[in-house]
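In case you want the letters, here they are:
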Amino acid sequence: MSRHRAVVGMISIALVTGSVAACGGGSTGGSNAAETLTVVASAAPATLDPVKANVGSDNWFVNLAYDTLLRLGPDGDVQPGLAVRWGYVGKNNTTFELKLREGVKFADGTPLTAQAVAASLDYARKNGLNAATWSSAIESVTATGPLTVRINCSTPHPVLPLLLDQIQLVGSVISPKGLADPSKMGANSFGAGPYVLDSAQSASGDHYTYTPNPNYWDKSRIHWKKVVIKVVTNPSSALDAVKTGQADLTALVANQADTAKSSGLAVINAPIAFAGVNLADRDGTLAKPLADVRVRQALNYAVDRQAITQAIFKEYGQPTTQLSLPGLDGYVPDYDNRYPYDPAKAKKLLAEAGYPDGFTLRAEVQGVNGFDLLPQAVFQQWKQVGVTVNVVTDTTVGAFLSNAMSKSFPALGFAYGGLPTYLTSLDWMLPHASPFNPFASQDPKLAKLLESAASAPQARQPGLYREAMRYVVDQAWFVAVSRQDQIFAFDGKKLDGVTVASGYLPDLAWEVKPR
Amino acid sequence: MGALRLVIRRLLASMPLLFLTSALTFVLVSLVPGDPARTIAGQHSTAEQYRLIRGQLGLDQPLPVQYWNWLTQVFRGDLGSSLFSGEAVTSILQNRLPVSLSLILASTVVSGLAGVALGLLSARRGGVLMKIVDGLALFGLAAPPFWLALLVIEVFAVTLRWFPVTGYVPLEEDPGGWAGSLVLPVVSIALGAVAIIAKQTRDSVLDTMNRDFIRVMQANGFSPRSILYRHILRNAALPIVTVLGVLMVSLLGAVVFVETVFAMPGVASLTQQATVQHDIPVIQGAVLYITVFVIVVNLVVDLAYVRLDPRVRTS
Amino acid sequence: MKTTSRLLRRPAAVVAVAWLVLLTVATACAPLIAAHGPLDQDLSHVLALPSASHPLGTDSLGRDLLSRLLYGGQPALLAVAEALVAHLVVGVTLGLVAGYLGGWADTLITRVGDLLFALPAIIIVLVVLSVFPGNLHAAMITFGVLGSPGLIRVLRSRTLGIRQEMYVAAARVCGLSDAQILLRHVLPRLTSTVIVQAALFSAVAVIIQAGLGFLGLGAQPPAPSWGGLVADASQVIDRDPWMLVPAGVPLVLTVVALSMLGDAIRDSAVESWSVSKLATASAPPPVAKEHAEAPVPGALLSVRDLTVEIDGVPVVQGVSFDVMPGETLGVVGESGCGKSVTALGVLGLVPGNGRVTGGRVVFAGTDLTASPTELARVRGSGIAYVSQDPMVALDPTFTVLSQLREAVRRHSGANREQARERVLELLAMVGVPDPEGVAGRYPHQLSGGLAQRVLIALALAGRPKLLIADEPTTALDVSVQKEILTLLHTLQRRTGIAVLIVTHDWGVVATLCHRSLVMYAGQVVEQADVESMFVRPLHPYTAGLLAANPHRAAHGHALTTIPGTVPSPREWPVGCRFAARCPYAGDDCRAAPVALTGPAPARLTRCLHVEELVSEGARL
């Protein structure tokens with residue numbers, strides 16, 4: 001049942017592309033517009049508990065109030081955050097140590113100690129959104145000195161530094177006061193970030209106001225007297241808000257970019273996620289045909305990726321058949337076109353598998369931010385090879401994830417952010433029940449490949465992960481269709497430091513400042 | 001005179017309504033598949049934790065007992081907390097009440113004033129104006145508020161940039177901004193209402209004009225201005241007030257849509273969101289608030305009757 | 001059905017029906033009309049404007065909007081039908097039961113209805129949807145039920161009315177069961193009311209179902225729905241505002257059509273209840289041209305050739321008379337003869353759409369018909385008016401004091417306190433026992449007699465020279481009638497005011513009047529001093545009225561009535577208007593308009609057979 005807990009992360013990086021928007025200064029009539037940054041998200045945060053928040057769509061809400069142990073830069077390099085030094089201890093990527101910054105206090109005045117950090121990480125690994133996946137390898141977190149924290153893993157975890165950055169949120173450090181009563185975190189902030197949530201000036205689900213944290217360790221990072229995040233679910237309204245000066249920054253859907261540019265806004269973009277349909281029931285529990293790899297491949301061949309990508313994303317998307325982005329460790333360049341559009345071949349494969357007249361399938365998609373468009377387009381093309389899909393559309397991310405976990409849908413529309421393959425594999429390729437692998441499908445060969453990659457030294461990992469990616473795409477566990485950009489439009493005359501990159505969001509907490 | 005007694009009597013009479021809606025919601029909500037305890041406990045909880053939370057929430061009790069507990073809680077001013085944000089329902093609603101109230105009150109005032117003015121004008125002038133009011137009534141009633149809202153946004157916010165596209169500005173923060181943020185939503189809500197009031201006003205004014213006492217006044221030389229504004233309007237006011245009261249309640253429907261389109265944090269859109277999310281305590285709280293609102297509106301209408309019609313006051 | 005043909009004569013109704021039929025047929029035949037399936041996508045033409053292959057353009061996936069609109073109409077119409085059925089089943093049943101059975105059933109239904117009426121339907125529908133996610137059927141049925149109290153109210157009151165009527169009572173005696181009576185006798189008469197309500201409710205239901213679709217609570221995408229189309233349009237409004245048009249306009253048109261249809265059905269039903277009123281007007285009969293004499297010198301009021309038309313039809317024609325200062329003139333006739341209209345015509349206040357179209361009204365030497373300002377000035381201060389039913393002649397929302405004070409101040413410019421004194425004086429003058437107490441009361445707290453006294457006081461507030469009293473005692477009890485007549489008599493003696501009194505009661509004429517004027521079918525038919533008229537009426541109508549007078553029956557003669565009824569203005573004949581009811585009428589009477597003649601000094605009559613009448617009258 002637990003709906004919001006099931007909200008597994010990276011779906012929402014993709015959410016960002018359609019959802020996070022910014023609007024500035026409007027609410028006070030612009031009298032001190034330069035001092036207020038008002039940002040608009042297209043979806044309200046599921047919760048403000050930093051480790052339960054949705055990765056991608058909720059990051060701004062969390063990052064403003066919670067500093068993370070490490071920080072990801074736009075170039076993909078890991079930089080110091082609340083920790084100044086970090087690294088694996090010994091071989092096998094199982095032990096990791098962090099040295100904390102001195103003299104840091106939480107916004108509530110409590111000193112930030114190794115004890116507090118260990119407690120916070122412990123809470124995250126047990127209760128966080130991705131407790132069952134990304135942090136499942138972590139066995140214990142201990143304070144080994146006043147400012148030293150050690151993370152011990154039961155199995156190799158090769159990307160702990162990334163797990164602890166401001167994108168993945170697990171490293172958001174929560175004050176002991178917050179941990180004392182976690183239910184309070186839903187509506188209040190207990191972090192050591194540059195701002196604090198001003199609940200008096202916020203209305204949950206509508207707008208969230210942040211004011212500077214008087215105890216922040218680096219005052220030079222605080223660029224605004226006030227940051228407001230306003231929830232506007234309609235992308236047209238979000239762009240209109242920026243166009244009319246009611247807002248400064250908004251995310252766009254692809255075909256809004258031209259409109260935004262023509263009205264004088266700055267538009268930036270970078271690859272962020274990929275979308276398609278997950279053939280989750282690979283064992284054929286609900287839909288027997290899906291157990292046959294030829295059927296799954298047929299469903300891949302039946303999709304005209306070029307046409308769909310062009311129609312939905314225009315130049316802000318590229319066709320792909322894999323679960324990775326250029327620049328990430330598992331990316332296989334020639335696997336962007338593993339299944340060229342070939343309905344005849346699809347039909348042939350279906351016939352070979354014993355389904356010459358096709359079959360009927362139930363599928364679930366989420367209707368938030370027009371995410372249902374791409375799966376709808378795919379289903380319509382499947383129809384041409386005889387496969388009929390009965391679609392259920394959920395109107396919230398939470399409902400989608402919880403329905404996905406209920407194992408009642410053999411196929412699921414997906415939008416998933418580009419991640420290091422280790423993290424992707426936990427959600428998709430290993431037998432953990434997740435919204436992306438609800439039936440916990442397993443494949444011993446795949447598991448073995450992934451295991452050796454995780455424990456391998458840094459330099460050998462990309463090659464091994466590419467091998468795993470090839471294998472899973474060949475097995476056609478899913479129908480990836482497009483790689484898509486996140487696109488932001490903002491008032492270039494007002495804002496500076498708005499940057500996007502693959503797997504990187506505009507950093508409101510530190511980098512976005514008045515021009 | 002009897003106003004206080006009337007207030008008390010009406011309040012007592014409205015208790016069944018409060019009871020009915022809360023009980024109805026309670027029963028309906030108890031039918032919702034799924035269990036809030038599961039939601040709160042989370043998927044990694046043990047059976048023991050789950051039983052404990054169920055006990056804490058009183059979900060292991062029979063339904064009537066649960067309802068009674070909820071009622072007594074309500075009397076202590078505690079409506080529970082959102083299953084999602086964990087925020088107290090009362091504070092969520094308190095935050096959002098001003099938005100919906102602003103919208104409804106502003107829409108009522110606008111439709112009252114504009115409707116009565118238009119209605120009077122068309123009653124006196126007849127002809128073309130009457131046709132315009134009729135046409136406007138037809139369009140105002142027929143145009144769904146969510147569609148109308150999109151239309152006015154496109155024209156007045158995006159193209160002409162006269163008003164903000166979205167959002168609500170609290171009155172205490174910036175009265176000018178507050179008014180500005182209400183204009184387009186109120187137009188979307190009130191267009192149909194203006195038409196209804198205008199029609200009602202025209203009908204009851206024409207009706208009153210034909211009553212004997214008006215002829216007696218005309219025949220005995222009362223000033224036409226006094227006849228229209230003092231006597232006709234006052235007598236025509238009763239049905240207008242009735243309609244206005246009914247309208248205020250039914251405007252809630254339009255408010256749901258308009259709050260959603262304009263991204264305004266009101267109670268109506270909250271109810272819609274909570275519906276989508278199955279956030280049961282929030283739904284219950286919102287329904288309770290809305291029912292109280294309905295009761296208050298009815299009370300105000302009754303008091304207006306007392307003020308306007310001596311027959312109610314003295315009998 | 002008559003109503004149907006009447007309905008089809010209304011262009012608005014025809015257009016509305018045409019649209020609804022077109023919509024229903026097009027929706028039902030969507031596969032035949034639409035060139036594309038609702039899900040067929042044309043990925044190279046997304047968000048396209050209308051073209052030959054996509055008459056209404058395409059959406060974000062290049063799906064044909066016309067096709068989506070038509071296919072989306074199917075669930076929309078189904079949802080509306082579901083809501084409507086629920087609405088009608090609950091509303092009609094409970095409305096009939098409450099109105100017909102009365103008693104505790106009525107009380108219970110009415111109270112529950114009131115409770116439901118107070119609920120915000122949309123919110124309850126949302127709660128229902130939270131219980132049955134995505135179940136539009138449950139939502140629409142709930143909406144239908146929640147909307148039924150309005151229907152219950154309307155039907156209950158109509159049923160209540162019908163139940164009182166005779167034939168239902170008769171049917172009851174004949175041993176029909178309640179259910180049979182309801183089905184055979186009551187329900188058929190409610191049909192048009194039910195249809196009107198159904199049309200108006202359907203209009204609302206269309207909006208609601210679209211609204212739920214818009215909020216994503218209705219049909220699931222990619223299945224097409226009307227509300228979903230608006231939601232889709234809202235997503236792309238900045239790139240493709242055109243989409244708002246196909247998404248919204250058909251919706252608006254459908255609701256408009258339903259409301260227009262409802263209005264039209266209601267109007268044509270009303271039409272059938274009052275056919276005669278709206279029957280096509282025949283050409284007004286020619287008026288007998290009479291010499292309008294100059295006003296009698298010294299007359300307070302001189303009316304010459306007064307003609308009043310209502311809706312273009314003359315109801316009073318060529319009426320002339322004078323009222324001398326201090327004189328009381330009675331205007332007598334059956335109802336429908338134009339007495340009251342004449343009285344009001346003097347004041348320029350014809351009810352409804354009527355207006356004075358000819359003649360002159362000269363008051364104290366001033367021609368009121370020529371000068372609206374003079375007319376306005378004279379009202380209340382020169383000529384005052386007392387109407388028929390005192391219970392509705394005062395503004396129910398103001399106290400006696402407040403209304404009288406307004407009249408006093410209007411005519412005298414007195415301040416509040418002075419005006420109050422004068423009000424008490426006036427009340428005392430009209431014989432109100434406790435002026436202070438009565439002044440503080442509201443009209444509904446007064447008895448009929450008291451209200452009439454107050455009304456007379458109101459009329460006297462401007463110290464008028466002439467009082468027009470339109471059947472001032474008709475609505476009162478017999479004992480009270482006497483008191484009021486006495487009051488008028490006393491007032492007249494004391495103040496010397498002239499009175500023009502409209503009545504059908506010879507007793508009133510005998511008590512109060514110096515002269516009297518008999519009117520028939522919009523004309524003066526006889527005029528004489530009271531004494532002479534009673535003794536020797538010179539018009540068969542007067543004679544007939546006198547013969548039918550109960551006061552006279554006391555003399556030992558059988559009470560006779562005049563056969564037939566007063567013709568309505570559209571039925572006035574060319575010749576003598578009384579001919580059809582007159583024992584003396586001959587072809588000469590019917591041939592041409594009969595003029596008013598003076599067969600004796602100070603007497604006028606409009607009869608060609610005065611001689612016969614006089615000789616026969618002598619026989620009596």
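Residues numbered from 1 in each chain as written. Chains lettered and ligands numbered in written order. Predicted model: local features only at pLDDT ≥ 70, side-chain atom pairs only at ≥ 80, totals over all residues. Heavy atoms only, no water.

Now for the overall build of chain B. A tally of regular secondary structure across chain B gives 13 helices and 0 strands. Of the regular secondary structure in chain B, the N- to C-terminal order runs α-α-α-α-α-α-α-α-α-α-α-α-α. When the backbone C-alpha atoms are referred to their principal axes, chain B occupies close to 85 × 55 × 35 Å. A total of 315 residues make up chain B; the buried ones form 56% of that total. When contacts within chain B are restricted to residue pairs at least 6 apart in sequence, long-range pairs at least 24 apart make up 73% of them. Computed over 22 positive and 17 negative side-chain charges, the inter-centroid distance for chain B is 14 Å. (Helix = DSSP H or I, 4+ residues; strand = E, 2+ residues; numbered from the N terminus. Buried < 20%, exposed > 50% of the residue type's maximum accessible area, 1.4 Å probe, protein only. Contact = heavy atoms within 4.5 Å. Lys, Arg positive; Asp, Glu negative; His and termini not counted. Charge placed at Lys NZ, Arg CZ, Asp CG, Glu CD.)

Residue and element names in this part refer to chain A. Pairing within the open sheet is mixed, and its 4 strands lie in the order S2-S11-S10-S9. Of all strands in the sheet, those bounded by a partner on one side alone are strand S2 (36-41) and strand S9 (195-197). Averaged over all pairs of adjacent strands, the angle between their axes in this sheet comes to 25°, without regard to strand direction. Inspection of the sheet shows S9 paired to strand S10 (residues 207-212) by 3 bridges, in the antiparallel sense. Along S10, the bridge assignment pairs Leu197 with Tyr210. (Pairing = 2+ DSSP bridges. Axes fitted to C-alpha atoms, helices over the stretch in contact; angles between N-to-C directions.)

Listed as interface residues are 66 residues of chain C and, on the opposing side, 65 residues of chain B. Of the roughly 5700 Å² buried where chain C meets chain B, counting both sides, 75% is carbon and sulfur surface. Across the chain C-chain B interface, the total number found is 2 salt bridges. Residue Arg230 of chain B is joined to Glu406 of chain C by a salt bridge in which the shortest nitrogen-to-oxygen separation is 3.2 Å. In this structure, the connection of chain C to chain B is made through 12 residue pairs in polar contact (both at pLDDT 80 or more). Listed by contribution, the elements that provide at least two residues to the side of chain C that touches chain B are helix H5 (103-118), helix H6 (121-131), helix H10 (178-214), helix H11 (226-235), helix H12 (244-273), strand S6 (383-386), helix H16 (400-412) and helix H19 (448-460) of chain C. Per-element accounting of the side of chain C that touches chain B gives the leading share, 11 residues, to H12 of chain C. (Buried area = accessible area lost by both parts, 1.4 Å probe. Salt bridge = Lys/Arg side-chain N within 4 Å of Asp/Glu carboxyl O. Polar contact = N/O pair within 3.5 Å; in protein donor to acceptor, adjacent residues only side chain to side chain.)

This part takes up the packing of aromatic side chains. Applying the stated criterion across every chain, the model contains 24 aromatic pairs over all chains. Each ring, one from Phe146 of chain B and one from Phe214 of chain C, has its centre 4.7 Å from the other, and the planes form 15°; the classification is stacked. Of this pair, Phe146 of chain B sits in helix H7 (residues 145-159) while Phe214 of chain C sits in helix H10, on two different chains. Accessibility expressed as a relative area gives 0% for Phe146 of chain B, which makes it buried. Grouped by ring-pair contacts, the aromatic residues Phe274, Phe414, Tyr416, Trp428, Phe436 and Phe478 of chain A constitute a single cluster. Against the face of Tyr335 of chain A rests Arg470 of chain A, its NZ or CZ located 5.9 Å from the ring centre. (Phe/Tyr/Trp six-rings, centres within 6.5 Å; stacked < 30°, edge-to-face > 60°. Lys NZ or Arg CZ within 6 Å of the ring centre and 35° of its normal.)

On to the sheet that holds strand S8 (residues 148-153) of chain A. All names here are of chain A. With antiparallel pairing, the 4 strands of this open sheet are ordered in space as S5-S6-S8-S7. With partners counted over all chains shown, the strands left at the sheet margins are strand S5 (83-89) and strand S7 (138-145), one partner each. Each neighbouring strand pair of the sheet contributes to a mean axis angle of 20°, computed without reference to strand direction. In this structure, S7 lies alongside S8, joined through 6 bridges in antiparallel fashion. Bridge assignment links Ser140 to a residue of S8, and that residue is Asn152.

Before going further, it helps to examine the domain arrangement of chain C. Along its sequence, chain C is organised into domain 1 (2-274) and domain 2 (301-379 + 514-615). A separation of 56 Å is found between the C-alpha centroids of domain 1 of chain C and domain 2 of chain C. (Domains from an automatic or database assignment.)

Attention shifts here to the packing of helix H12 (residues 280-308) of chain B against H6 of chain C. The interhelical angle for the contact between H12 of chain B and H6 of chain C, taken along N-to-C directions, is 165°, at an axis separation of 11 Å. One element, H12 of chain B, and the other, H6 of chain C, form an angle in the roughly antiparallel class. When you trace H12 of chain B past H6 of chain C, the crossing you get is left-handed. Residues Ile283, Val287 and Ile290 of chain B of H12 of chain B lie in contact with H6 of chain C, whose contacting residues are Ile123, Val127 and Ser130 of chain C. (Parallel < 35°, antiparallel > 145°, perpendicular 65-115°, else oblique. Left-handed = near helix turned anticlockwise from the far one by under 90°.)

As enumerated under the stated definition, the model contains 0 disulfides over all chains in all. Sulfur of Cys513 of chain C: no disulfide; nearest cysteine sulfur belongs to Cys337 of chain C and is 17 Å away. (Disulfide = S-S within 2.5 Å.)

So, about the packing of helix H10 (residues 224-261) of chain B against H6 of chain C. Remark: H10 of chain B packs on H6 of chain C, axes separated minimally by 7 Å, with the N-to-C direction vectors making an angle of 55°. In terms of axis orientation, H10 of chain B runs oblique to H6 of chain C. Contacts between H10 of chain B and H6 of chain C involve Leu252, Gly253, Val256 and Phe257 of chain B from the former and Ile122, Ile123 and Leu126 of chain C from the latter. Of the residues assigned to the contact of H10 of chain B with H6 of chain C, the class counts are 6 nonpolar, 1 polar and no charged. (Nonpolar A, V, L, I, M, F, W, Y, C, P; charged D, E, K, R; others polar.)

With that settled, consider unusual backbone geometry. For Lys407 of chain A, which is not glycine, the phi torsion reads 60° and is therefore positive. Tracing the backbone through its elements, the reader meets Lys407 of chain A in the loop between helix H12 (397-405) and strand S17 (411-417). Looking at Lys407 of chain A, the relative accessible area reads 43%, which means it is partly exposed. Look at Asp305 of chain C: it is not a glycine, yet its phi comes out positive at around 55°. Looking at the secondary structure, you find Asp305 of chain C in strand S1 (residues 301-310).

Looking now at the pattern of salt bridges. All names here are of chain A. All told, the structure shown has 32 salt bridges over all chains when counted by the stated rule. Between Arg71 and Asp507 there is a salt bridge, with the nearest N and O atoms lying 3.1 Å from each other. Of the two residues, Arg71 is situated in strand S3 (residues 70-72) and Asp507 in the loop between strand S19 (495-496) and strand S20 (513-514); the sequence distance between them amounts to 436 residues. We classify Arg71 as buried; its relative accessible area is 2%. For Asp507, a relative accessible area of 5% translates into the label buried. A salt bridge links Lys494 to Asp248, with the shortest nitrogen-to-oxygen separation between them at 2.9 Å.

Here the focus is the nonpolar core. Residue and element names in this part refer to chain A. Among the nonpolar cores identified, the biggest contains 166 residues, and Leu69, Ile151, Tyr210 and Trp382 are the most heavily contacted of them. It is strand S18 (residues 478-490) that contributes the most residues to this core, 8 residues altogether. For Leu69, the residues in contact, after removing those within four places along its chain, are Pro80, Gly81, Leu82, Ala83, Leu98, Leu100, Val117, Leu121, Leu164, Gly171 and Val173. (Core = buried A, V, L, I, M, F, W, Y, C linked by side-chain atoms within 4.5 Å.)

Attention now goes to the side chain of Gln452 of chain C. Mapped onto the fold, Gln452 of chain C is located in helix H19. For Gln452 of chain C, the residues in contact, after removing those within four places along its chain, are Val386, Ser387, Gln388, Pro390, Pro472, Leu476 and Ile484 of chain C.

Let us look at the confidence of the model for chain C. All names here are of chain C. Mean pLDDT over chain C works out to 84, with 91% of the residues at or above the 70 mark. Across residues 272-291 the pLDDT falls below 50, and counting only partners more than four positions away or on other chains, this stretch makes 26 contacts in the model. Here the prediction assigns the complex a pTM of 0.79, and the interface score ipTM is 0.79. (pLDDT = per-residue confidence, 0-100.)

A few words now on helix H7 (residues 136-146) of chain C. Residues and elements named next belong to chain C. Where burial is concerned, most of H7 is hidden: 8 out of the 11 residues are buried. For H7, the complete set of buried residues consists of Leu136, Ala138, Ala139, Met140, Thr142, Phe143, Gly144 and Leu146. Measuring from the side-chain oxygen of the N-cap residue of H7 to the backbone nitrogen of His137 gives 3.1 Å; that N-cap residue is Asn135.

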